[in-house]
Amino acid sequence: MKELSKRTANFTDSVIRRMTRISLQHGAINLSQGFPDFDPPKEITDRLSEVAKEGPHQYALTWGAQNFREALAAKQEHFSGMKINPDTEIVVTCGSTEAMMAAMMSVCNPGEKVVIFSPFYENYGADTILSGAEPIYVPLKPPAFHFDADELEAAMKQEGVKALILCNPSNPCGKVFTRQELMVIADLAKKYDIYVITDEVYEHILYEPNKHTYMASLPGMRERTIMCNSLSKTYSITGWRLGYVIASPEIIDRVKKVHDFLTVGAAAPLMEACVVGLKFGDEYYRELKAHYTHMKNLFVGGLRDIGLQFTEPQGAYYVLVDISEFGYENDYLFCEDLARKVGVGAVPGSSFFRENVNHLIRVHFAKQDETLNAALDRLADIRRKMK
Ligand SMILES: Cc1ncc(COP(=O)(O)O)c(C=O)c1O
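The rules behind these values
- Residues numbered from 1 in each chain as written.
- Predicted model: local features only at pLDDT ≥ 70, side-chain atom pairs only at ≥ 80, totals over all residues.
- Helix = DSSP H or I, 4+ residues; strand = E, 2+ residues; numbered from the N terminus.
- Rg over C-alpha atoms; globule rule 2.2 N^0.38 Å.
- Buried ≥ 20, exposed ≤ 12 C-beta atoms within 10 Å, placed from the backbone.
- Contact = placed C-beta atoms within 7 Å.
- Near = placed C-beta within 6 Å.
- Nonpolar A, V, L, I, M, F, W, Y, C, P; charged D, E, K, R; others polar.
- Pairing = 2+ DSSP bridges.
- Domains from an automatic or database assignment.
- Axes fitted to C-alpha atoms, helices over the stretch in contact; angles between N-to-C directions.
- Left-handed = near helix turned anticlockwise from the far one by under 90°.
- Core = buried A, V, L, I, M, F, W, Y, C linked by C-beta atoms within 7 Å.

**Regarding the overall build of the chain**
Stage number 1. The number of helices and strands found in the chain is 13 helices and 13 strands.
Stage number 2. In terms of overall dimensions, the chain is globule-like: its C-alpha atoms have a radius of gyration of 21 Å, near the 21 Å expected for 387 residues.
Stage number 3. The principal-axis extent of the C-alpha atoms belonging to the chain is close to 60 × 55 × 55 Å.
Stage number 4. When each of the 387 residues of the chain is scored for burial, the buried share is 45%.
Stage number 5. Contacts in the chain between residues far apart in sequence, at least 24 positions, make up 74% of those at least 6 positions apart.

This is the structure we're talking about:
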């Protein structure tokens, strides 16, 4: 038999999804893969029941149903302050996962380079390789996860750099980039003529006093920013696979074609059911933020009581817990033991870092109080079971 593709030969399966399988195997409370165990808004699921009878059940327009794009443009205009044309500046995709892949394939040629901050969401490395490009990494330094502007410039000015990926708010470290930090990145992007591909799936999950700044809204950045985003986290519907790209008409024209050949389109009935959600008023987003603030406070308060060291997030819903005190050299083995002996599923931090970091694990708190309390009860025993 001939060898399979060289490009994908070094892919491992996703560590995050693997930890979900290990959690299931050991009956652990799964705080690894980031998805909520509470229901989406009732208005959306009620509308889905109606749509099941009324349709649509056939292909929507390949770049997304008209009413969905119009509602989405209005919602994103409201929050970002940018004018967005629903016909020429949006493509609806199968999750932000496809949005990122389509953006990368629209921008990169084989052999070009893409700058990625480390720690990073694990799909970015694979997306870069699938689009034929080579990732180069710039560290965000723990515990505050600041970047060094000189180090960033040294990476961005390398020959062949085409794009930078910016995850803001960031998974896994919970960093929310300040306007000043974004201005530094934007100035370098303009100076070296680089596209910025943003991943803003946690735009509404922020903790006071942090505020989300849209990279595309900064001076001179609209035409070189490709925003990848999603309904997964904002409406608690990670299984519906609805995402989108917003960019200039020139870029979107290309993304439309890539997306058409990748997936044809997102699910028509699910787009229809979500229109009502895209039209929610400000109150919905205030409640979402208050709910996440409650979950964060409950969870980090519990970790503090147990005496664990961790980074408190500014946004998104992840905590990096420092496991140095347990003396494991391998964070993957630690997570396997944690699932088996303590009954809590977590992700080894090394899967997010380019640097040699193996003293952190990632847990998430997008869970109901009873799930978080049960996980904290189990974690209260961690020293007895893991040392
Ligand atoms: C930073 C980030 N981007 C993208 C995704 C995936 O988004 P979607 O469900 O829209 O594909 C996730 C999921 O956890 C994420 O954390």
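Resuming the write-up.
**Let's talk about the site of the ligand**
Stage number 1. Neighbouring the ligand are 13 residues; Gly95, Ser96, Thr97, Ser230 and Ser232 lie closest to it.
Stage number 2. Of the residues forming the shell around the ligand, the biggest block, three residues, is contributed by helix α4 (residues 95-107).
Stage number 3. Its residues assigned to classes, the shell around the ligand shows three nonpolar, nine polar and one charged.

**Comments concerning unusual backbone geometry**
Stage number 1. Omega for the peptide link from glycine 55 to proline 56 comes to 10°, which places this bond in the cis form.
Stage number 2. Counting through the fold element by element, proline 56 comes out in the loop between α2 (42-54) and α3 (66-80).
Stage number 3. Cis geometry is adopted by the peptide bond preceding proline 209, which originates at glutamate 208 and carries an omega value of 5°.
Stage number 4. Inspection of the secondary structure assignment puts proline 209 in the loop between β6 (195-199) and β7 (225-230).

**Some remarks on the sheet that holds strand β12 (residues 347-348)**
Stage number 1. Reading across from one edge, β9-β10-β13-β12 is the order of the four strands in this open sheet, with antiparallel pairing throughout. Either end of the sheet is taken by a strand with one partner, and the two such strands are β9 (309-311) and β12.
Stage number 2. Both strand β10 (residues 318-322) and strand β13 (residues 360-364) contribute to a ladder of five bridges, which runs antiparallel. Residue pairing in the sheet places aspartate 322 in a bridge with leucine 360 of β13.

**Brief notes about the domain arrangement of the chain**
Frequently, the measure chosen for interface size is the accessible area removed from exposure when the parts meet.
Stage number 1. Annotation of the chain at the domain level lists domain 1 (15-40 + 283-386) and domain 2 (54-280).
Stage number 2. Relative to domain 2, the C-alpha centre of domain 1 lies at a distance of 26 Å.
Stage number 3. Across the contact, 28 residues belong to domain 1 and 27 residues belong to domain 2.
Stage number 4. Going through the elements one at a time, α1 (15-26), α10 (282-306) and β10 are the ones with two or more residues in the side of domain 1 that touches domain 2.
Stage number 5. Broken down by element, the residue count for the side of domain 1 that touches domain 2 peaks at seven residues, all from α10.
Stage number 6. Class assignment of the residues belonging to the side of domain 1 that touches domain 2 gives a composition of 17 nonpolar, six polar and five charged.

**Topic: the pairing of strand β8 (residues 243-246)**
Stage number 1. By the alternation rule, side chains of β8 split into Gly243 and Val245 and Tyr244 and Ile246, which are all buried.
Stage number 2. Strand direction decides the pairing type here: strand β2 (residues 90-93) and β8, joined by four bridges, are antiparallel. Opposite valine 92, over in β8, you have tyrosine 244 as the bridge partner.
Stage number 3. By the bridge criterion, four bridges tie β7 to β8 in an arrangement that is antiparallel. When the sheet's bridge partners are listed, methionine 227 is paired in β8 with isoleucine 246.

**Overview of the sheet that holds strand β5 (residues 161-167)**
Stage number 1. Read across the open sheet, the seven strands follow the order β2-β8-β7-β6-β5-β3-β4; overall the sheet is mixed. Edge positions in the sheet fall to β2 and β4 (134-139), since each of these pairs with one other strand and no more. Within the sheet, the average angular offset between the axes of one strand and its neighbour, ignoring direction, is 20°.
Stage number 2. Together, β3 (113-118), β4 and β5 form the strand contacts of helix α5 (residues 123-130), whose direction differs from that of β4 by roughly 150°.

**Topic: the packing of α4 against α5**
Stage number 1. As a packed pair, α4 and α5 sit with axes 9 Å apart at the nearest point and diverge in direction by 35°. Viewed along their axes, α4 and α5 form a crossing whose handedness is right-handed. Between α4 and α5, the contacting residues are Thr97, Met100, Met101 and Met104 on the first element and Asn123, Asp127, Thr128 and Leu130 on the second.

**A few points about the nonpolar core**
Stage number 1. Ala103, Leu164, Val196, Ile197, Val245, Cys274 and Val344 are the most contacted members of the largest nonpolar core, which totals 116 residues.
Stage number 2. It is α4 that contributes the most residues to this core, eight residues altogether.
Stage number 3. Of the domains in this structure, domain 1 (15-40 + 283-386) and domain 2 (54-280) are the two that each give at least three residues to this core.
Stage number 4. If sequence neighbours within four positions are ignored, alanine 103 has contacts with Ile197, Ile226, Cys228, Val245 and Val255.

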